[in-house]
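Below, each chain spelled out in residue letters.
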Amino acid sequence: MPEPWLYPPPGHPVRRFLRAILDIGAHPDDDDEASIRKIRLNLASVLFATAALVWLAGNLLVDGNPMALAVAAVPVLAGINLLLFRRHRRGGLYGPLQLGLMLTFPFAAQALLGPTPATAGLPVWAILAPTAGLLCLGGKGSAPWFAGFVAITLAAGALLPTTAQPSALALACHVTLVALVIYVQLRFAMGQRNKTRERLADAHRQLRLAQERSERLLLNILPAPIAARLKDNTSTIADGHPEVVVMFADIVDYTRIASGMTPKAVFEMLNRIFCRFDELCEQHGLERIKTIGDGYMVAGGLHAHPIEPHAAMATLALDMQATLRNHDFTDGLELEVRIGIASGPVVGGVVGRAKFIYDLWGDTVNLAFRLCTEGEPSTIQCDSRAFERLHGAFAFAKPILLMLKGKGYVPVYRLQGPRIFAAPAATVIQPTRAT
């Protein structure tokens, strides 16, 4: 469990203060990587300035060297640069200036304070620049800072007075070698982390693509609202719908026609027809429920269908007939379709768990199926409820009584096409004669 003084709880004033400092320079357009780099550089700047000022304050109290005040200008400049970055949010010079101050601080202090026991380990401070650069700029961006650290550290050791030169050179060599080991390890770790992140990003991308493919496949099987409910709920899905228009379509004598074709040709033709029917369903806002052999089932009024699904269904039926009359589309085959349309209440739900389908049940479904199977080729037969909804906009033949199993004699209305309303005659106004 983390120490409370190191990790203040959410809402604590110290935590809010630290968060405000780390978020300096944040921009809404920053991606995750840019945001993290800014936070790391802000943290490095604050830690460096604070540690440098604490050390200089201690040096001033112990040695009483007033030059410590002059050296304090370096961490103070780092703080001013941080505040300026908070205002303008442009990071072009912010990073190089902060790293440059970290790199020059120990050598400026060494030059101003002189060789004293308190300044003996100052070259170690310079390693802050390449390590902060590695965390904030990456491997390539930090390389010049590490090269600068090595050059300045060795130069500082060589330029000290002759009496202190051997020990200074030895210290510079020790610092350089230890820093090299640390830098190489950190850079290797950063490289491995970046590779891991790339692999995770690629795996996430592949997972997202697989999820999108699965969702598209699910939407090809189920209506969109049902697919959404199925993903969120594994319980039984069954709904009652008070007014749904159902259509069954059957290609007349397709089995006999297909008997002289190869299996591949049979499949390709049936697939082409049903794909075209699917396109028509989508155009009219209707839902393809299922196919059974050469039979095709459609429903309207289930979920987000048109305001008037009956008219859409009648138009779809006429379009399906027109599709099969196009001999270029059917490769010259004489194909006819018989269609049954019924309207009324249904129950819709998902059947099965491993291999599920969405299906409809009820007397309306049975009636639409009977109207289809008992119809003549190239006819569209509607029940009385569908007729009541359609006769104002569509033309029908005179009703007939059809004997349906389990129903007895039922009035059936055969759809012929949309009504053609004559345009009203223009009223001619005769000019009045002047008297």
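Criteria and cut-off values
- Residues numbered from 1 in each chain as written.
- Predicted model: local features only at pLDDT ≥ 70, side-chain atom pairs only at ≥ 80, totals over all residues.
- Heavy atoms only, no water.
- Helix = DSSP H or I, 4+ residues; strand = E, 2+ residues; numbered from the N terminus.
- Buried < 20%, exposed > 50% of the residue type's maximum accessible area, 1.4 Å probe, protein only.
- Areas by Shrake-Rupley, 256 points an atom, 1.4 Å probe, with all protein chains shown as cover.
- Core = buried A, V, L, I, M, F, W, Y, C linked by side-chain atoms within 4.5 Å.
- Contact = heavy atoms within 4.5 Å.
- Patch = residues over 30% accessible without salt bridge, like charges linked within 9 Å, V, L, I, M, F, W, Y side chains within 5 Å.
- Salt bridge = Lys/Arg side-chain N within 4 Å of Asp/Glu carboxyl O.
- Axes fitted to C-alpha atoms, helices over the stretch in contact; angles between N-to-C directions.
- Parallel < 35°, antiparallel > 145°, perpendicular 65-115°, else oblique.
- Left-handed = near helix turned anticlockwise from the far one by under 90°.
- Nonpolar A, V, L, I, M, F, W, Y, C, P; charged D, E, K, R; others polar.
- Phe/Tyr/Trp six-rings, centres within 6.5 Å; stacked < 30°, edge-to-face > 60°.
- Polar contact = N/O pair within 3.5 Å; in protein donor to acceptor, adjacent residues only side chain to side chain.
- Expected span 1.5 Å × (residues − 1).
- Pairing = 2+ DSSP bridges.
- pLDDT = per-residue confidence, 0-100.

For the protein chain, the count of helices and strands is 13 helices and nine strands. For the protein chain, the proportion of its 435 residues judged to be buried stands at 37%. Element-wise, carbon and sulfur atoms account for 63% of the exposed surface of the protein chain, whose accessible area totals about 25400 Å².

Counting residues in each nonpolar core, the largest one holds 40 residues, and the members touching the most others are Met247, Ile273, Leu316 and Ile341. For Ile341, the contacting residues outside a window of four places in its chain are Val245, Val246, Met247, Met313, Ala317, Leu371, Ile380, Gln381, Cys382, Asp383 and Ala386. Counting residues in each nonpolar core, the second largest holds 38 residues, with Val74, Phe85, Leu101 and Ala126 among its members.

Among the surface-exposed residues, Leu53, Val76, Leu77, Ile80 and Leu84 lie close enough to one another that they form a single nonpolar patch of about 410 Å² accessible area. In terms of residue count, the dominant contributor to the nonpolar patch is helix 4 (residues 73–88) (four residues). Residue placement: Val76 occurs in helix 4.

The next point concerns the pattern of salt bridges. In total, this model carries 10 salt bridges according to the counting rule given. Between Arg385 and Glu243 there is a salt bridge, with its nearest N and O atoms 2.6 Å apart. Of this pair, Arg385 sits in helix 13 (residues 384–390) while Glu243 sits in strand 1 (residues 238–251), placing them 142 residues apart in sequence. Three or more residues are tied together by salt bridges with common partners; here these are Glu243, Arg385 and Arg389.

Close contact between helix 10 (residues 263–284) and helix 11 (residues 309–325) brings their axes to 10 Å; oriented N to C, the two are set at 150 degrees. Here helix 11 runs roughly antiparallel to helix 10, going by the angle between their axes. The interaxial crossing formed by helix 10 with helix 11 has right-handed handedness. On helix 11, the residues touching Ile273, Arg276, Phe277, Leu280, Cys281 and His284 of helix 10 are Ala312, Thr315, Leu316, Asp319, Met320, Thr323 and Leu324. Its residues assigned to classes, the contact of helix 10 with helix 11 comprises eight nonpolar, three polar and two charged.

We now examine unusual backbone geometry. With phi around 55 degrees, Asp331 is a residue other than glycine that occupies positive phi space. Assessed through its relative accessible area of 54%, Asp331 is described here as exposed. Backbone geometry at Ser378 places phi at a positive 65 degrees, although glycine is not the residue there. Here Ser378 shows up in the loop between helix 12 (363–373) and strand 6 (380–382). The partly exposed category is assigned to Ser378, whose relative accessible area is 33%.

Now for the packing of helix 1 (residues 13–22) against helix 2 (residues 32–63). The geometry of helix 1 relative to helix 2 is characterised by a closest axis approach of 8 Å and an angle of 115 degrees between their N-to-C directions. Taken together, helix 1 and helix 2 sit at an angle that is classed as roughly perpendicular. Packed against helix 1, whose contacting residues are Arg19, Ile21 and Leu22, the element helix 2 presents Ile39, Asn42, Leu43 and Val46 at the interface. Along the lines of polarity and charge, the residues of the contact of helix 1 with helix 2 split into five nonpolar, one polar and one charged.

Let us now look at the environment of Leu41. By secondary structure assignment, the location of Leu41 is in helix 2. The class of Leu41 is buried, set by a relative accessible area of 9%. For the pair Leu41 and Leu82, spaced 41 residues apart in sequence, the C-alpha to C-alpha distance is 9.7 Å. For Leu41, the residues in contact, after removing those within four places along its chain, are Tyr94, Gly95, Gln98, Leu99 and Cys136.

Enumeration over the complete set of coordinates arrives at 12 aromatic pairs. With a centroid separation of 5.6 Å and an interplanar angle of 80 degrees, the aromatic rings of Phe48 and Phe105 are classed as edge-to-face. Placement of Phe48 in helix 2 and of Phe105 in helix 5 (residues 94–113) is noted, with a sequence separation of 57 residues between them. Note on Phe48: relative accessible area 3%, which makes it buried.

A word on the side chain of His310. Looking at where His310 falls in the secondary structure, it is placed in helix 11. According to the relative accessible area criterion, His310 is buried, its value standing at 2%. A polar contact is formed between the side chain of His310 and the side chain of Ser343, at a distance of 2.7 Å. With residues up to four places along the chain from it excluded, the contact list for His310 reads Glu243, Val245, Ser343, Ala386, Arg389 and Leu390.

Next up on the list: helix 11. Counted at 1.5 Å a residue, the expected span for helix 11 with its 17 residues is 24 Å, and the 24 Å between its end C-alpha atoms agrees. Buried residues dominate helix 11, accounting for 12 of its 17 residues. Within helix 11 the residues assigned to the buried category are Pro309, His310, Ala312, Met313, Ala314, Leu316, Ala317, Leu318, Met320, Gln321, Thr323 and Leu324. The N-cap residue of helix 11 is Glu308: its side-chain oxygen and the backbone nitrogen of His310 are 3.1 Å apart.

On to the pairing of strand 9 (residues 408–418), then. Where strand 6 and strand 9 come together, two bridges link them in antiparallel fashion. In the strand pairing of strand 9, Cys382 is matched with Tyr413. With three bridges joining them, strand 7 (residues 394–396) and strand 9 adopt antiparallel strand pairing. When the bridges of strand 9 are listed, Phe396 appears paired with Leu415.

With that settled, consider the confidence of the model for the protein chain. Per-residue confidence for the protein chain averages 81 on the pLDDT scale, and 86% of its residues sit at or above 70. Across the protein chain, strand 6 holds the top mean pLDDT of 95, while helix 8 (residues 224–232) sits lowest at 72. Here residues 422–435 is a poorly scored stretch, pLDDT under 50, and it has zero contacts once near neighbours within four places are set aside; other chains count.

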